[in-house]
Amino acid sequence: MTDAQETAAEPDLRNPGGAPPVDVETAPIPLLEPREGIPPVVATQEALDEVIAAFARGTGPVAVDAERASGYRYGQRAYLVQLRREGAGSALIDPVGCPDLSGLGEALAGSEWILHAATQDLPCLREIGMTPTRLFDTELAGRLAGFPRVGLGAMVESVLGYALEKGHSAVDWSTRPLPEPWLRYAALDVELLVDLRDALEKELDRQGKLEWARQEFDAIASAPPAPPRKDPWRRTSGMHKVRRRRQMAIVRELWNARDRIAQRRDVSPGKVLSDTAIVEAALAVPANVQALSVLPGFGHRMGRRQLEQWQQTIDRAKALPDSELPQPGAAVTGPPPPRSWADKDPAAAARLSAARAAVSALAEELNMPQENLITPDTVRRVCWEPPKDATTDAVAAALASYGARPWQVELVSPLLTQALAVTAAT
């Protein structure tokens, strides 16, 4: 946000409701407290039935959040679900004790769900039977409204004037019993989500962006689950160092072996073997356990038996026939990297440069991130393979085919049409 945009003549983005702004230079920001205290953790079907009945009787939108154990456990399952609704209060539900929350999902099916960074929580909520049909994403709303910081704590502080407790976001939420300070932190995450949603809705409406936000929220709610990644081993950190196909086979075999062990033990794969260790082993192609043991990640803390198992995995990769070795690079399903466009297709590179400049200028004018105005991948695809008849309607159809929402199509298609026409004439 520029100084010119934050004037006394317009409502302050930090106070969408119009309340007098807090002077952060002199007034301390109050720490948010749970209004009804910390609710008991629901871990039995009987207690869950009571929560379902209470939230079904509640009114208005429902605030929803989930805590995972990323970095500690295998996968991205939910280990705590927090909810709050007018007339029902707050609830903390343990998905370990109550693994099926489909009854709660059905009770809330017709309601608007409020989430912060919805795409992060929806997959784990879907696994336990909770899928919204309507939602409001406060993080995405903040991006569209032009807030410079869109984390939940920053949003609650700048919009509502309260400070959230910090320090427990990255803890092991699979711990049982959960410590009281963690539960307090979790309960506060949904304490003001409804208030934040209402304030952001007013601000989006003031900026003329509310319909844009609704289209974005509808797209998130209706999106199908993401398909499994093809060749996930290719995303190993440091993979760019691995050039030879035999070395790539070692990465693949070690990654798959690590994944099987992690899944069996229900621990994060990184706790079994680090990405760094996998890449180092692939680059070194160790001949035996002794050579393996001196590599980073295979040090003195690893027992002889483990070293032998990893060496056996490496030996399997070394013994593969050439026909079974992975091909370099993942299959390309879209345009090549933009850095190569100038050599491969100078005209396309010129189109992309013009399009990027136009999108950047409009995003700045609208006070929102470029990627929320239109995804960079969509711009690249249209510029790499533009419609044969590059009219505004044809460009609009191309944008829509790549998943752009109507508001994005309306704003961006004239810009891309102009960019394509200008560069085509040079």
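Provided above is the structure to which this section pertains.
A few points on the structure. (Residues numbered from 1 in each chain as written. Predicted model: local features only at pLDDT ≥ 70, side-chain atom pairs only at ≥ 80, totals over all residues. Heavy atoms only, no water.)

Here's the deal with the pattern of salt bridges
Right, on to step 1. Going through the model one piece at a time under the given rule, you end up with 22 salt bridges.
Right, on to step 2. In this structure, glutamate 216 engages arginine 405 in a salt bridge whose closest nitrogen and oxygen atoms are separated by 2.8 Å. Of this pair, glutamate 216 sits in helix 8 (residues 210-222) while arginine 405 sits in the loop between helix 18 (392-401) and helix 19 (406-424), and the two are 189 residues apart along the sequence.
Right, on to step 3. Between arginine 258 and aspartate 275 there is a salt bridge, with its nearest N and O atoms 2.8 Å apart. Separated by 17 residues along the polypeptide, arginine 258 in helix 9 (residues 245-265) and aspartate 275 in helix 11 (residues 275-284) bring together distant segments of the chain.
Right, on to step 4. For arginine 258, a relative accessible area of 5% translates into the label buried.
Right, on to step 5. One connected set of salt bridges, linked through shared partners, spans Arg35, Glu36, Arg84, Glu191 and Asp195. (Salt bridge = Lys/Arg side-chain N within 4 Å of Asp/Glu carboxyl O. Helix = DSSP H or I, 4+ residues; strand = E, 2+ residues; numbered from the N terminus. Buried < 20%, exposed > 50% of the residue type's maximum accessible area, 1.4 Å probe, protein only.)

Brief notes about helix 9
Right, on to step 1. In this model helix 9 runs 30 Å from its N-terminal to its C-terminal C-alpha over 21 residues, within 8% of the 30 Å that 1.5 Å per residue would give.
Right, on to step 2. Phi turns positive, to about 55°, at aspartate 266, one or two residues after helix 9. (Expected span 1.5 Å × (residues − 1).)

A closer look at the environment of isoleucine 278
Right, on to step 1. Inspection of the secondary structure assignment puts isoleucine 278 in helix 11.
Right, on to step 2. Considered as a pair, isoleucine 278 and leucine 295 are 17 residues apart in the sequence and their alpha carbons are 9.8 Å apart.
Right, on to step 3. Once residues lying within four places of it in the same chain are set aside, the contact partners of isoleucine 278 are Thr236, Val251, Leu254, Trp255, Arg258 and Leu273. (Contact = heavy atoms within 4.5 Å.)

Some remarks on the pairing of strand 3 (residues 78-86)
Right, on to step 1. With eight of nine residues buried, strand 3 lies mostly within the body of the structure.
Right, on to step 2. Pairing geometry for strand 3 and strand 4 (residues 89-93), over five bridges, is antiparallel. The residue of strand 4 that forms the bridge with arginine 84 is serine 90.
Right, on to step 3. Between strand 3 and the antiparallel strand that follows it, strand 4, lie two residues; glycine 87 among them carries a positive phi value of about 90°. (Pairing = 2+ DSSP bridges.)

Let's talk about helix 13 (residues 304-319)
Right, on to step 1. The end-to-end C-alpha separation of helix 13 is 22 Å, in line with the 22 Å expected for 16 residues at 1.5 Å each.
Right, on to step 2. Buried within helix 13 we find Leu307, Trp310, Gln311, Thr313, Ile314 and Ala317. When helix 13 is viewed along its axis, its buried side chains cluster within an angular range of 155° and face the same direction. Turned more than 90 degrees away from the buried face of helix 13, the exposed residues are Arg304, Arg305 and Ala319. (Arc of directions from axis to C-beta.)

Focus on the packing of aromatic side chains
Right, on to step 1. This model, assessed by the stated rule, comprises five aromatic pairs.
Right, on to step 2. Relative to tryptophan 384, the ring of tryptophan 341 has its centre 4.8 Å away and its plane inclined at 45°; by these criteria the two rings are tilted. Separated by 43 residues along the polypeptide, tryptophan 341 in helix 14 (residues 341-344) and tryptophan 384 in helix 17 (residues 376-384) bring together distant segments of the chain.
Right, on to step 3. A relative accessible area of 0% means that tryptophan 341 is categorised as buried.
Right, on to step 4. Taken together, Trp173, Trp182 and Tyr185 form an aromatic cluster joined through their ring pairs.
Right, on to step 5. In this structure, arginine 77 packs its charged tip against the face of tyrosine 79, placed 4.7 Å from the ring centre. (Phe/Tyr/Trp six-rings, centres within 6.5 Å; stacked < 30°, edge-to-face > 60°. Lys NZ or Arg CZ within 6 Å of the ring centre and 35° of its normal.)

Points about the side chain of serine 268
Right, on to step 1. Structurally, serine 268 can be placed in the loop between helix 9 and helix 10 (269-272).
Right, on to step 2. Discounting chain neighbours no more than four positions away, the residues touching serine 268 are Gly71, Tyr72, Arg73, Tyr74 and Ala262.

Details of the packing of helix 15 (residues 346-366) against helix 17
Each packed pair of helices is defined by two parameters, the angle between the axes and the distance between the axes.
Right, on to step 1. Between helix 15 and helix 17, the shortest axis-to-axis distance is 9 Å and the interhelical angle comes to 140°. The two elements helix 15 and helix 17 cross, and the hand of that crossing is right-handed. Between helix 15, through Ala348, Arg351, Leu352, Ala355 and Val359, and helix 17, the contact on the second element is made entirely by Val379, Arg380, Cys383 and Trp384.
Right, on to step 2. For the contact of helix 15 with helix 17, the class distribution of residues is seven nonpolar, no polar and two charged. (Axes fitted to C-alpha atoms, helices over the stretch in contact; angles between N-to-C directions. Left-handed = near helix turned anticlockwise from the far one by under 90°. Nonpolar A, V, L, I, M, F, W, Y, C, P; charged D, E, K, R; others polar.)

Overview of the sheet that holds strand 1 (residues 41-42)
What links the strands of a sheet is backbone hydrogen bonding, and the strands pair in either a parallel or an antiparallel sense.
Right, on to step 1. Read across the open sheet, the six strands follow the order 1-4-3-2-5-6; overall the sheet is mixed. Only two strands of the sheet have a single neighbouring strand rather than two, namely strand 1 and strand 6 (134-137).
Right, on to step 2. In the packing of helix 1 (residues 45-57) onto the sheet, contacts are made with strand 1, strand 2 (59-68), strand 3 and strand 4, and the angle to strand 4 comes to roughly 145°.
Right, on to step 3. In the packing of helix 6 (residues 180-191) onto the sheet, the strands contacted are strand 1, strand 2, strand 3 and strand 4, and the crossing angle to strand 3 comes to about 45°.

So, unusual backbone geometry
Right, on to step 1. Cis geometry marks the peptide bond from arginine 176 to proline 177; its omega dihedral reads -5°.
Right, on to step 2. Tracing the backbone through its elements, the reader meets proline 177 in the loop between helix 5 (152-160) and helix 6.
Right, on to step 3. Positioned with a positive phi, alanine 117 is a non-glycine residue whose angle comes to about 60°.
Right, on to step 4. Looking at the secondary structure, you find alanine 117 in the loop between strand 5 (112-115) and helix 3 (118-127).
Right, on to step 5. Looking at alanine 117, the relative accessible area reads 8%, which means it is buried.
Right, on to step 6. Located in the positive-phi region is valine 285, a residue other than glycine, with phi close to 45°.
Right, on to step 7. Note on placement: valine 285 falls in the loop between helix 11 and helix 12 (289-293).

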